[in-house]
There are 2 protein chains.
Amino acid sequence: MRDQADTDASVGAWTKRCYLAGRALMDATLRHYDLGSTQWYVLWHLAHNGASVQRDLGRALELERATLSGIISTLVRKDLVEQTSSGEDQRQRLLTLTGAGEALWRKLPDLSFIHETAFGGIDEAELATTVRVLQSATERLQTLLRKV
Amino acid sequence: MRDQADTDASVGAWTKRCYLAGRALMDATLRHYDLGSTQWYVLWHLAHNGASVQRDLGRALELERATLSGIISTLVRKDLVEQTSSGEDQRQRLLTLTGAGEALWRKLPDLSFIHETAFGGIDEAELATTVRVLQSATERLQTLLRKV
DNA sequence: CAAATATTGTATGGTAGCAAACGAAATGGA
DNA sequence: TCCATTTCGTTTGCTACCATACAATATTTG
C-alpha cells in the first residue's frame, strides 16, 4: 500500500493556513520540476526583470541575506542561475538565468494565479495595523525581559 | 560593531507577513527560554489539557506526524516532556510535562495575546473559500501534470 | 590618508515544515 | 483465523526561515 501523506493534519489558524496552503500548492506543482516555491520566485523575478544584483533581489522578494544566499547556492548547483561579480562593487554578486534556467522557465506552467490566490488580495491597512501591534508588543516584551 | 540582523528584509505578502511576523515575535520572546514557538504550543496544550496521546496532540495543534515527532524529540531531549507508552494501544505514546516542564511553564510570560494577535480573529468563511480554491487548483494542476 | 563603521555575501547551527518509506501494532474482512 | 489494510510513531532528506559570526570590500570620519 502506498504510504501517502496525512490528510487529517492541515495547518493551524488562518494566516498559517493560507500561507502554508499556498506554499504547499506551489510545492506540489513544482515538485515535478524539482523546484521549491521560493526558488520559483527567484526564477520569476529574474525572468521578468532580467539580471539582478543579489542584494536587490533580496529586497524585492523580501528575503534575508542568509536565506537568499542558501537558495541561490542550490539554484547555482542546479545550473539554473549564474553568479558573477558585478563590475562596480566587488562585494556584490550579479545573478543571471543560465540557458538551462531560461529553458526551464519556459516549460513551467503559469503559477501566477496561485500567487494571486494565496498571497494576493491584501488588505494593506489591516496588515499594517497587525504588524504594528506585533511590533510594539515585541518591544514591550523585549524591554521587560531585559530587566529580568 | 554588533552584527545585528537585517531590518530591511521583512517578509513577503500579507499571509506570509502575518504568519512569519507572529512566529518571529514569539521566537524573539521565547529565545530567552531556549524554546521555539511550536514547542511553546506543545507545552501550552499539555499545561492546559493535561497528558495527551501524541496523535491527539497532533490533531489539536494541526501538526503533521513527522513534524510533531521532531518537536517532541527535542522537548524530550530538553527534559520538558515525557513520552510513555499508553496502556491501551501499544502504538500510541502518552505525553506528559515533566517537573522541569511544569516549572518552566510557570516561569514563562503569558504569550496568549501574541497568539490572538497573530493567529486569532479568523474569518472562517473567507478562509474556507481560499482553501477550497487552492485545493481545486491543486487538483486541476495535478491532473494536467499526470497527463504530460 | 588612516581608522572606524557600514554593507554584502557566506557559513554554521538551530526551528519548522512536508514527503516518503519503514516497523510495529491494531483492525477488518474473507 | 489469517491476511490485507490502516494507523501511529520514527527516520531520512529536502525546502525555507532566522540569528550569529565572519571575511571582504566600501564608505565615512577624524
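Under the annotation held in an unreviewed UniProt entry, chain A carries the name Winged helix DNA-binding protein and is attributed to Azospirillum endophyticum.

**Brief notes about the overall build of chain A**
For chain A, the count of helices and strands is seven helices and three strands. The 148 residues of chain A split such that 42% are buried. Considering only residue pairs separated by 6 or more positions, chain A has 54% of its internal contacts joining residues 24 or more positions apart. Of the accessible surface of chain A, which amounts to about 8500 Å², a share of 50% is contributed by carbon and sulfur atoms.

**Some thoughts on the environment of B:Lys107**
Residues and elements named next belong to chain B. Note on placement: Lys107 falls in helix α5 (residues 99-107). The class of Lys107 is exposed, set by a relative accessible area of 60%. With 74 residues separating them in the primary sequence, Lys107 and Tyr33 have C-alpha atoms 9.3 Å apart.

**Things to note about the packing of aromatic side chains**
How two aromatic rings sit relative to each other is given by the distance of their centres and the angle of their planes. All told, the structure shown has eight aromatic pairs over all chains when counted by the stated rule. With a centroid separation of 5.9 Å and an interplanar angle of 85°, the aromatic rings of A:Tyr41 and A:Trp44 are classed as edge-to-face. A residue pair is termed a helical-turn pair when its members lie 3 or 4 positions apart in one helix, as A:Tyr41 and A:Trp44 do in helix α2 (residues 37-49) at three residues. Arranged with centres 5.2 Å apart and planes meeting at 85°, the rings of B:Trp40 and B:Tyr41 form a pair that is edge-to-face. You can call B:Tyr41 buried: its relative accessible area is 10%. Pairwise contacts between aromatic rings join A:Trp40, A:Tyr41, A:Trp44 and A:Trp105 into one cluster.

**A look at the sheet that holds strand β3 (residues 93-97) of chain A**
Residues and elements named next belong to chain A. Across the sheet, three strands lie side by side as β1-β3-β2; this open sheet has antiparallel pairing. Both outer strands of the open sheet, β1 (52-53) and β2 (81-85), are each paired with one neighbouring strand and no more. Across five bridges, β2 lies against β3 in antiparallel orientation. Each residue of the ladder has a partner; that of Gln83, found in β3, is Leu95.

About the thresholds
- Residues numbered from 1 in each chain as written.
- Chains lettered and ligands numbered in written order.
- Predicted model: local features only at pLDDT ≥ 70, side-chain atom pairs only at ≥ 80, totals over all residues.
- Heavy atoms only, no water.
- Helix = DSSP H or I, 4+ residues; strand = E, 2+ residues; numbered from the N terminus.
- Buried < 20%, exposed > 50% of the residue type's maximum accessible area, 1.4 Å probe, protein only.
- Contact = heavy atoms within 4.5 Å.
- Areas by Shrake-Rupley, 256 points an atom, 1.4 Å probe, with all protein chains shown as cover.
- Phe/Tyr/Trp six-rings, centres within 6.5 Å; stacked < 30°, edge-to-face > 60°.
- Pairing = 2+ DSSP bridges.

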